[in-house]
Structure formats: structure tokens, C-alpha cells
Amino acid sequence: SREYPQVPQVACFDTAFHRDLPRVAKLLPIPRRYDAEGIQRYGFHGLSYEYIASVLPKVAPGIAGGRVIVAHLGSGASLCALRSGKSIDSTFGFTALDGLCMGTRPGALDPGVILYLLQTLRLSASDVETMLYKQSGLLGISGLSNDMRDLLKSSEPPAQLAVDYFVYRAAREIGALAAVLGGIDALVFTAGIGENSAEIRARISTASAWLGIDLDPEANLSGGPRISRQDSRVSAWVIPTNEELMIARHLSLLLGLG
Ligand code: AMP
């Protein structure tokens, strides 16, 4: 901004799409005095979910106004519960450490573990931070890689355990958000793993079959967009995300270009 003071600076917050979450979804059950510090659940991957919500009326008009769980499964991974295209909850909270197991982040973790690491094992706060952001998740469990492709190719038991845990955790949180939505009409997969791994989609869909998802294996292998059978009570989809386009759309609106 010093070199080009005339160029407008715009920030697109990855939390903005979740700003109207119901009060209980935003709440963290700690003393209310911390509200003033901004300690609440925000949710992230908002640009991705906003993009998906924006294309649903075109790609999947039958479900755009319904109850949809979007699974953004990439290096970072989270779920969003959409009702009529609006976010009503997500698995991310105050930071992008919450929720699902990710490439190098653990997702939701009993806070007692952090206390134990700090107080009993005497790790420093910065060691714990490094562990939580860089050494956990798929990498931490497998001891091999944070990349789902490497783990799917590997026959090493720790690599398979990491994949098992990733799927287990996603299916568990899909169940939780289905409860928030009072049942679902559709499940949408997106981001690196969600868009490219038929195997992970199949495993998560199978674990979520109780919700009424009946996967079409051939459609899943060919990448969709619809990957559930025609008579599946709950439909499943693959929709590529586009966070950069979402940012461009916001900019163009803001700068009066569009
Ligand atoms: P993203 O953060 O959305 O770019 O996703 C990156 C992640 O997607 C990588 O770390 C890979 O683990 C995963 N990924 C990309 N392609 C594939 C694939 N064909 N099969 C499984 N995982 C994939």
C-alpha cells in the first residue's frame, strides 16, 4: 500500500459467510466475559461454501433450497450445514483447528490433552502450536505423509489407520450436522480430496448410508456431478469449489465492476 497508495486494498474474510450462524452455534460454553475478546465460533472455508451455495441452484436445483451438508475435504477439511443456501453451522470454530481430521491438524481435540502437554509433559506453548498446526492429523497418525494420495497408495498399517480415522471422523461429524439440520437432502463433496478421490467419497458415503445416501459407484468413479442413484432419498454430489472466483466476484461488486 506504500508503493501503490491509489490501489484499493480489499480483504475477503473466510468467516464472513458464517456471520449469521444461530446464537447457539456461535457460542463457546466458557464464561461470557470472554465474548468481549471475540472468543466465539466463527467457522472458516466460507468463500468455498459461499461459492458452492451460489452454484447449487444451477448444478442441483432440486436441493438448493433444502438441507445440504457440504464437505470441503482438502489439506484443510471442514463441513458446513446449509439451509436454503445459508450457513447454519460448520465444524470449524474459533480457529481452523476444530472439527475434522486434516492433513497436519488434528481437528477437535479434548482441551485436556493441551493442558496435559503443557503442564505435565512441559511442552512450550509454541511447541504445542507447532504440533497442532503442522504435525498432527493425517501426518501425525501415519508418520508418513499429510497427502491423502500417498496414504491411499501405501500398504503400511499406520497409513491405513490415518485414512480410516479421516473417514470415521468425517462420517461422525456428518451425523452431527445432520442432527443440526433435522435430516439432510444432500451431501456435496468438494476441494482436493472431495473432488478427486472416489475412494474417500465412497467410504464416507457408505458410512453415511443410514442417512439415506445410496451411492452410484459408476457415477462416483466418473466424478459426478451427481454420484448417488436416481432413487436415492438423499443425493450426493461432487462440485468443484472456486474460492478465487468468489473473491473476484466480491471485488467486482465492491469496486462496481460487475
Ligand atoms: P486442497 O487443499 O483442496 O488443494 O487439497 C489438497 C489435498 O487434496 C492434497 O493434500 C491431497 O491429499 C488431496 N488430493 C488431491 N488429489 C487427490 C486424489 N486424486 N486422491 C486423493 N487425494 C487427493
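Criteria and cut-off values
- Residues numbered from 1 in each chain as written.
- Predicted model: local features only at pLDDT ≥ 70, side-chain atom pairs only at ≥ 80, totals over all residues.
- Heavy atoms only, no water.
- Helix = DSSP H or I, 4+ residues; strand = E, 2+ residues; numbered from the N terminus.
- Rg over C-alpha atoms; globule rule 2.2 N^0.38 Å.
- Buried < 20%, exposed > 50% of the residue type's maximum accessible area, 1.4 Å probe, protein only.
- Contact = heavy atoms within 4.5 Å.
- Areas by Shrake-Rupley, 256 points an atom, 1.4 Å probe, with all protein chains shown as cover.
- Lys, Arg positive; Asp, Glu negative; His and termini not counted.
- Charge placed at Lys NZ, Arg CZ, Asp CG, Glu CD.
- Near = heavy atom within 4 Å.
- Polar contact = N/O pair within 3.5 Å; in protein donor to acceptor, adjacent residues only side chain to side chain.
- Nonpolar A, V, L, I, M, F, W, Y, C, P; charged D, E, K, R; others polar.
- Core = buried A, V, L, I, M, F, W, Y, C linked by side-chain atoms within 4.5 Å.
- Expected span 1.5 Å × (residues − 1).
- Salt bridge = Lys/Arg side-chain N within 4 Å of Asp/Glu carboxyl O.

## Some points on the overall build of the protein
- Counting its secondary structure elements, the protein contains 12 helices and five strands.
- In terms of overall dimensions, the protein is globule-like: its C-alpha atoms have a radius of gyration of 19 Å, near the 18 Å expected for 258 residues.
- Its C-alpha atoms give the protein principal-axis dimensions of roughly 55 × 55 × 40 Å.
- A total of 258 residues make up the protein; the buried ones form 44% of that total.
- Nonlocal contacts in the protein, meaning residues at least 24 apart in sequence, comprise 62% of its contacts between residues at least 6 apart.
- For the protein, the computed accessible surface area is about 13600 Å², with 56% contributed by carbon and sulfur atoms.
- Mean positive and mean negative side-chain charge positions of the protein (24 and 25 charges, respectively) differ by 5 Å.

## Focus on the site of the ligand
- Residues in contact with the ligand, as listed here, are Gly 74, Ser 75, Asp 147, Met 148, Arg 149, Ala 191, Gly 192, Ile 193, Asn 196 and Ser 197.
- The separation between an oxygen atom of the ligand and a polar main-chain atom of Ser 75 is 2.9 Å.
- The separation between a nitrogen atom of the ligand and a polar side-chain atom of Asn 196 is 3.5 Å.
- When the free accessible area of the ligand is taken as 500 Å², the share hidden by the protein chains comes to 70%.
- Among the secondary structure elements, those contributing two or more residues to the shell around the ligand are helix H7 (148-153) and helix H9 (191-196).
- Partitioned by chemical class, the residues of the shell around the ligand number three nonpolar, five polar and two charged.

## Quick notes on the nonpolar core
- Within the largest apolar cluster, 38 residues are counted, with the highest numbers of intra-cluster contacts made by Ile 69, Leu 73, Phe 166, Ile 200 and Ile 204.
- Of all the secondary-structure elements, those providing two or more residues to this core are strand S1 (67-73), strand S2 (77-83), H7, helix H8 (157-181), strand S4 (186-190), helix H10 (198-207) and strand S5 (235-238).
- When residues of this core are assigned to their parent elements, the largest contribution, 10 residues, is made by H8.
- With residues up to four places along the chain from it excluded, the contact list for Leu 73 reads Leu 100, Phe 166, Phe 189, Thr 190, Ala 191, Gly 192, Ile 193, Gly 194 and Ile 204.
- Residues Val 55, Trp 237, Ile 239 and Met 246 belong to the second largest nonpolar core, which totals 20 residues.

## Remarks on helix H2 (residues 46-59)
- Across its 14 residues, H2 extends 19 Å between first and last C-alpha, which sits within 8% of the 20 Å expected from 1.5 Å per residue.
- Gly 46, Leu 47, Ser 48, Tyr 49, Tyr 51, Ile 52, Ala 53, Val 55 and Leu 56 are the residues of H2 that are buried.
- Looking at the buried side of H2, the elements it contacts are helix H3 (61-64), S1, S2, S4 and helix H12 (243-254).

## Section: the pattern of salt bridges
- Within the structure shown, the criterion is met by eight salt bridges.
- In this structure, Arg 32 engages Asp 35 in a salt bridge whose closest nitrogen and oxygen atoms are separated by 2.8 Å.
- For Arg 32, a relative accessible area of 35% corresponds to the partly exposed category.
- Owing to a relative accessible area of 36%, Asp 35 belongs among the partly exposed residues under this scheme.
- Across the salt bridge formed by Asp 147 and Arg 149, the nearest N and O atoms sit 2.8 Å from each other.
- Given the relative accessible area of 21%, Asp 147 is considered partly exposed.
- One network of salt bridges, in which partners are shared, links Arg 169, Arg 172 and Glu 173.

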